[in-house]
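Here is what each chain is made of, one letter per residue.
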Amino acid sequence: MKLQWSVFVRWVKWSVLPALAAAALSGCATTDLPPAPVVAASPDYTYIIGAGDSVNIIVWRNPELSMSVPVRPDGKLSAPLIEDLIAQGKDPTTLAREIEKQLSKFVREPIVTVIVGGFVGPYSEQIRILGEAAKPQALPYKQNMTLLDLMIIVGGITDFADGNNAVLMRTSDGNKQYRVRLKDLIERADLSANVDVKPGDVLVIPQSWF
């Protein structure tokens, strides 16, 4: 856990903060940012496996080869007759086909199903909440996840937060930045302030100056 947090801190330092600093130096105030699109979820989203996920490999008619294994920190997995197969960055169906290819050297026409558990996902797909959140953290993305879902998970914003000037940075769209209204959403129950989030989004909640 400490290792994952240190990696997360380095990612923020070298990726997120420079992008936000560049926006500030360019004179782009938060109020000048466009509002985040209400609808952003992709209907054809497919979960991508990440380090820390558990993968249940089911080999039809071969129970001795069926088992649940973890995806190691290096993104690989090992199982009976399978050594160091890269799992990270692949969807379950793609991984199942690659396992079938590996097992075909030993088993005639293997049929494999992969069921993922744990749902950590790769870092590039996780959503990060920074700044004046009650519990800043990184979260695995789920289909149709919204800003309200994020706020419920992190316990809302602190008393010192400038919630209506929070910034949503969309890494999947070249680090494009949007303004979101967290205070209206949480304190005033204004559901018009609720928007979709996407894999890789970074939510930065600034501190109020007043």
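Here is what the cut-offs are and how they apply
Residues numbered from 1 in each chain as written. Predicted model: local features only at pLDDT ≥ 70, side-chain atom pairs only at ≥ 80, totals over all residues. Heavy atoms only, no water. Helix = DSSP H or I, 4+ residues; strand = E, 2+ residues; numbered from the N terminus. Buried < 20%, exposed > 50% of the residue type's maximum accessible area, 1.4 Å probe, protein only. Contact = heavy atoms within 4.5 Å. pLDDT = per-residue confidence, 0-100. Expected span 1.5 Å × (residues − 1). Arc of directions from axis to C-beta. Polar contact = N/O pair within 3.5 Å; in protein donor to acceptor, adjacent residues only side chain to side chain. Pairing = 2+ DSSP bridges. Axes fitted to C-alpha atoms, helices over the stretch in contact; angles between N-to-C directions. Phe/Tyr/Trp six-rings, centres within 6.5 Å; stacked < 30°, edge-to-face > 60°.

### Description of the overall build of the protein
- In terms of regular secondary structure, the protein is built from four helices and 10 strands.
- The order of α-helices and β-strands along the protein, N terminus first, is α-β-β-β-β-α-β-β-β-α-β-β-α-β.
- Expressed as a percentage of the 210 residues in the protein, the buried residues total 42%.
- Once local pairs closer than 6 in sequence are excluded, the contacts in the protein between residues at least 24 apart make up 58%.

### Comments concerning unusual backbone geometry
- Residues other than glycine seldom take positive phi values, yet R61 does so here, at roughly 65 degrees.
- Inspection of the secondary structure assignment puts R61 in the loop between strand 1 (54-59) and strand 2 (67-70).
- Note on R61: relative accessible area 66%, which makes it exposed.
- The residue L81 is not glycine, and still its phi comes out positive at about 70 degrees.
- Along the chain, L81 falls in the loop between strand 3 (76-79) and strand 4 (82-86).

### Description of the confidence of the model for the protein
- The predicted model of the protein averages 90 in pLDDT, with 85% of residues at 70 or higher.
- Here residues 21-28 is modelled with pLDDT under 50, and outside its nearest four sequence neighbours on either side it reaches four contacts, counting other chains as well.

### Observations regarding helix 2 (residues 92-103)
- Helix length check: helix 2, at 12 residues, gives a terminal C-alpha distance of 16 Å against a target of 16 Å (1.5 Å per residue), a fit within 8%.
- Turning to helix 2, its buried residues number three or more, namely L95, A96, I99, E100 and L103. Summarising the axial view, the buried residues of helix 2 lie within an arc of 145 degrees, below the 170-degree limit, and thus occupy one face.
- Looking at the buried residues of helix 2, the elements they touch are strand 1, strand 3, strand 4 and strand 5 (112-117).
- The N-capping residue of helix 2, defined by a side-chain oxygen 3.0 Å from the backbone nitrogen of T93, is D91.

### Section: the side chain of N164
- With respect to the element layout, N164 can be found in the loop between helix 3 (147-154) and strand 8 (166-170).
- Residue class for N164 comes out buried when judged on its relative accessible area of 18%.
- Polar side-chain contacts of N164 include one of 3.0 Å to the side chain of D184.
- Excluding anything up to four places from it in sequence, N164 contacts R179, V180, R181, L182, K183, D184 and R188.

### So, the sheet that holds strand 1
- Reading across from one edge, 2-1-5 is the order of the three strands in this open sheet, with antiparallel pairing throughout. Lying at the two open borders of the sheet, with one neighbouring strand each, are strand 2 and strand 5. Within this sheet the neighbouring strands show an average axis-to-axis angle of 25 degrees, counted without direction.
- Bridge count for strand 1 against strand 2 is four bridges, and the pairing is antiparallel.

### Here's the deal with the packing of aromatic side chains
- In this structure the tally under the stated criterion is two aromatic pairs.
- Taking 4.9 Å as the distance between ring centres and 80 degrees as the angle between the ring planes, the aromatic pair formed by Y45 and Y141 counts as edge-to-face. Taken together, the residues Y45 in the loop between helix 1 (2-25) and strand 1 and Y141 in the loop between strand 7 (137-139) and helix 3 connect sequence positions 96 residues apart.
- Classification of Y141 by relative accessible area gives buried; the value is 6%.
- Summarising the aromatic geometry, the rings of Y47 and F119 are spaced 5.4 Å apart at their centres and angled 80 degrees between planes, so their arrangement reads as edge-to-face. With Y47 in the loop between helix 1 and strand 1 and F119 in the loop between strand 5 and strand 6 (127-131), this pair connects stretches of sequence that are 72 residues apart.

### Examining the pairing of strand 3
- Burial along strand 3 is one-sided: L77 and A79 are buried, and none of K76 and S78, which face the opposite way, are.
- Sheet topology places strand 3 next to strand 4; three bridges connect them, and they run antiparallel. Considered in strand 4, the bridge of K76 is made with I86.
- Where strand 3 folds back on strand 4, the antiparallel hairpin that results is connected by two residues, among which L81 adopts a positive phi of roughly 70 degrees.

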